[in-house]
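Report on the structure
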Amino acid sequence: MESKNMVIETYSKISDLVMELSSLNSLNQIEDSIHAIINKLIPIKEEYFLKPDGDNYIEIDNKNISEEIKDLAAWAAKSLKISIFPLDSGENALILPFSKSQKLMLVYICKTNIEEISNEIMLFLNIMSFLTAAIIENLQLYEEILKTSEVIEKNRDFLNQILNSMISGLAVFDQKYEKIFFNSNFSKFESDYGNALLEYIKSELINLDVIGEKLTKEFEIKKHFLSIDFLKTKDENYLVIISDITGTKELERLKKIDQMKTEFLSTVSHELRTPLAAIKAYSESIVDSLEILDTETLKDFMETILNEADHLQNLLDEILDFSKLEMKTINIKKEKFSINELIEEIYIANKNKAEINGVKLYKVLPKENIIVNLDRTRVKQILSNLIDNAIKYSDKRKDLKFIKITVKDEKDRVLILVEDNGIGIAKEHHDKIFEKFYRVDSSLTYEISGTGIGLSVVKELVEIQGGRIWLKSVEGKGTRFYIEFKKG
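Residues numbered from 1 in each chain as written. Predicted model: local features only at pLDDT ≥ 70, side-chain atom pairs only at ≥ 80, totals over all residues. Heavy atoms only, no water.

**Re the overall build of the protein**
Along the protein, the regular secondary structure elements total 11 helices and 17 strands. Burial analysis of the protein (488 residues in total) assigns 43% to the buried set. Within the protein, contacts between residues separated by at least 24 positions form 61% of all contacts whose residues are at least 6 apart in sequence. Of the roughly 27300 Å² of accessible surface on the protein, a fraction of 50% belongs to carbon and sulfur atoms. (Helix = DSSP H or I, 4+ residues; strand = E, 2+ residues; numbered from the N terminus. Buried < 20%, exposed > 50% of the residue type's maximum accessible area, 1.4 Å probe, protein only. Contact = heavy atoms within 4.5 Å. Areas by Shrake-Rupley, 256 points an atom, 1.4 Å probe, with all protein chains shown as cover.)

**What about the side chain of Glu31?**
Within the element layout of this structure, Glu31 appears in helix α2 (residues 27–41). Buried charged residue Glu31 carries no salt bridge. Nearest counter-charge: Lys63, at 6.5 Å. Residues contacting Glu31, with those up to four places away along its chain left out, are Phe49, Ile60 and Asp61. (Lys, Arg positive; Asp, Glu negative; His and termini not counted. Salt bridge = Lys/Arg side-chain N within 4 Å of Asp/Glu carboxyl O.)

**Let's talk about the side chain of Asn350**
Along the chain, Asn350 falls in helix α9 (residues 339–356). The class of Asn350 is buried, set by a relative accessible area of 10%.

**Some points on the pattern of salt bridges**
Enumeration over the complete set of coordinates arrives at 20 salt bridges. Across the salt bridge formed by Lys363 and Glu344, the nearest N and O atoms sit 3.7 Å from each other. Here the residue Lys363 occupies a position in strand β12 (residues 360–364), and Glu344 occupies one in helix α9, the gap between them amounting to 19 residues. Taking the shortest distance from any N to any O, the salt bridge between Glu463 and Lys459 comes out at 2.7 Å. You can see Glu463 and its partner Lys459 sitting in helix α11 (residues 454–463), four residues apart, about one turn around the helix. Glu463 sits in the partly exposed class, given a relative accessible area of 25%. Taken together, the shared-partner salt bridges connect Asp209, Lys232 and Glu236 into one network.

**Observations regarding the nonpolar core**
Judged by nonpolar contacts, the single largest core of 39 residues is most densely connected at Ile339, Val379, Leu383, Ile483 and Phe485. Broken down by secondary-structure element, the contributors of at least two residues to this core are α9, β13 (371–374), α10 (376–392), β14 (402–410), β15 (413–420), α11, β16 (468–474) and β17 (478–486). Among the elements that line this core, the one with the most residues is α10, at seven residues. Apart from the residues lying within four places of it in its own chain, the contact partners of Leu383 are Ile343, Ile346, Ile416, Val418 and Ile483. Formed by 26 residues, the second largest nonpolar core is a distinct cluster that contains Ile38, Ile42, Leu106 and Met128. (Core = buried A, V, L, I, M, F, W, Y, C linked by side-chain atoms within 4.5 Å.)

**Observations concerning the packing of α10 against α11**
Any two packed helices are characterised by the angle at which their axes cross and by the distance between the axes. The interhelical angle for the contact between α10 and α11, taken along N-to-C directions, is 150°, at an axis separation of 10 Å. One element, α10, and the other, α11, form an angle in the roughly antiparallel class. The handedness of the crossing between α10 and α11 comes out as left-handed. From α10, Arg378, Gln381, Ile382, Asn385, Leu386 and Asn389 reach across to α11, where they touch Gly454, Leu455, Val457, Val458, Leu461 and Val462. When grouped by side-chain class, the residues that make up the contact of α10 with α11 number seven nonpolar, four polar and one charged. (Axes fitted to C-alpha atoms, helices over the stretch in contact; angles between N-to-C directions. Parallel < 35°, antiparallel > 145°, perpendicular 65-115°, else oblique. Left-handed = near helix turned anticlockwise from the far one by under 90°. Nonpolar A, V, L, I, M, F, W, Y, C, P; charged D, E, K, R; others polar.)

**Observations regarding a negative patch on the surface**
A contiguous patch of negative charge on the surface is contributed by Asp294, Glu296, Asp300 and Glu303. With respect to the helices and strands, the residue Glu303 is situated in helix α8 (residues 295–326). Residue Glu303 is classed as partly exposed on the basis of its relative accessible area, which comes to 38%. (Patch = residues over 30% accessible without salt bridge, like charges linked within 9 Å, V, L, I, M, F, W, Y side chains within 5 Å. Charge placed at Lys NZ, Arg CZ, Asp CG, Glu CD.)

**Things to note about the sheet that holds β15**
Pairing within the open sheet is mixed, and its five strands lie in the order β12-β14-β15-β17-β16. Each of the sheet's edge strands pairs with one partner strand only, and the pair in question is β12 and β16. The mean inter-strand angle of the sheet, taken between neighbouring strand axes irrespective of direction, is 15°. (Pairing = 2+ DSSP bridges.)

**Some points on α10**
Between its first and last C-alpha, α10 extends 24 Å over 17 residues, near the 24 Å set by a 1.5 Å rise per residue. What α10 keeps buried is the set Arg378, Val379, Ile382, Leu383, Asn385, Leu386, Ile387, Asn389, Ala390 and Ile391. The N-terminus of α10 is capped by Asp375, whose side-chain oxygen sits 3.2 Å from the backbone nitrogen of Thr377. (Expected span 1.5 Å × (residues − 1). Polar contact = N/O pair within 3.5 Å; in protein donor to acceptor, adjacent residues only side chain to side chain.)

**Quick notes on the packing of aromatic side chains**
Each aromatic ring pair is specified by the distance between its two centres and by the angle formed by the two planes. Counted by the stated rule, this structure contains eight aromatic pairs. On the numbers, 4.8 Å between centres and 90° between planes, the contact of Trp75 with Phe85 is edge-to-face. In this pair, Trp75 is assigned in helix α3 (residues 67–79) and Phe85 in strand β3 (residues 83–86), connecting sequence segments 10 residues apart. With respect to burial, Trp75 and Phe85 carry one shared label: buried. Ring geometry for Phe189 versus Tyr193: centroids 6.4 Å apart, planes at 20°, classification stacked. With Phe189 and Tyr193 both in helix α6 (residues 184–211) and four residues apart, the pair spans about one turn of that helix. The same class applies to Phe189 as to Tyr193, namely buried. When the ring centre of Trp470 is taken as reference, the NZ or CZ atom of Arg468 above it lies at 4.0 Å. (Phe/Tyr/Trp six-rings, centres within 6.5 Å; stacked < 30°, edge-to-face > 60°. Lys NZ or Arg CZ within 6 Å of the ring centre and 35° of its normal.)

Quick look at the structure:
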């Protein structure tokens, strides 16, 4: 009931915001509104309003901002996503970009002690971000003539367009239960379901007067299920919001995720059981036959146990990183280091493993040393994961199998290419390969172990450091993974 109340309050706040827009005539007023709304949703310790200025960001209230806050603003400008990130201080930062048509208008960042936000708050923040960005753009375009009647009329039309673009049907009823305002989707619901829907709404508004509390009802009509929220507004009118919850794509998506999670748990159980079974079997053999085992055989057994233990450790580390990324608790510790030296280190660490699997590992590095400011451990993890995948998915049908790591200096950026001539990835899988739990299912990959989260972790680790990753692949010929980072 509490979460549903949040949904209702969200729409109520949106309705109040829309009704008051015609009186807003400055960015300061919008800033005050954002502060007031966010402060009601989460506890705020410190907040910043950052306006983009080329590649830099200007704090509207002239507050000093740290490099960490600047990096978060740069990430927000690139991703345009609402997110919560952990800070080095142990606090968390809510990042709320306001953009329209992929153009960033404003970035709001506040420090808070919460680690995640509910779906209802996220819904509200997304709608508020869209509306506020549109308002900021409108103010920028019509700042000097905002008070004229022509602009007021345009504002009203624009706001009506926003309301009509909402998925839900929204209407305001007066104290006599008559409609005084409604958007186009409400008209569609009314057209589809007729007087039966309006009579039901009227009866529930009467109940709302008796109960005096917000109401949320599910109404079945013509084999459709409608979720309807009722509440009183500040002026004693009634706000009604209707959503069709019948077979929505979101429900299908959630069911798919649940199925994928179930399959993931099954896969993880199998992946963990395999090295454990090997460790147990070889350990039992050593215990039972210690007196008759020669040194060479004992060494082979111990090396097998060690390799399986490493495999088990890698699986657990991968699952732990995935969990941290999902909970937004992973820490990124940037430092300046030589990318050339890191590639040399990765090359030495993986050369023997590649050769054991019949794969030749190459590296192509620029003569000049490239210095970057990134999390060295995480960059090593990213590249090691890609190399490990390239080894696993090498094409056993080919006599010459290779993996090549190439580093290119591109002024203020560095491009890292991990290339192989393995089994490749069919084109229909390219857009899904970085999704959580996704695994390519084919005869060539059937016997290869894996949890389906490795590449999703890689993508998150790249993007959380302000980089990007993409691939080019041809089935049967090989794959190229491209990773691009800013040096600074």
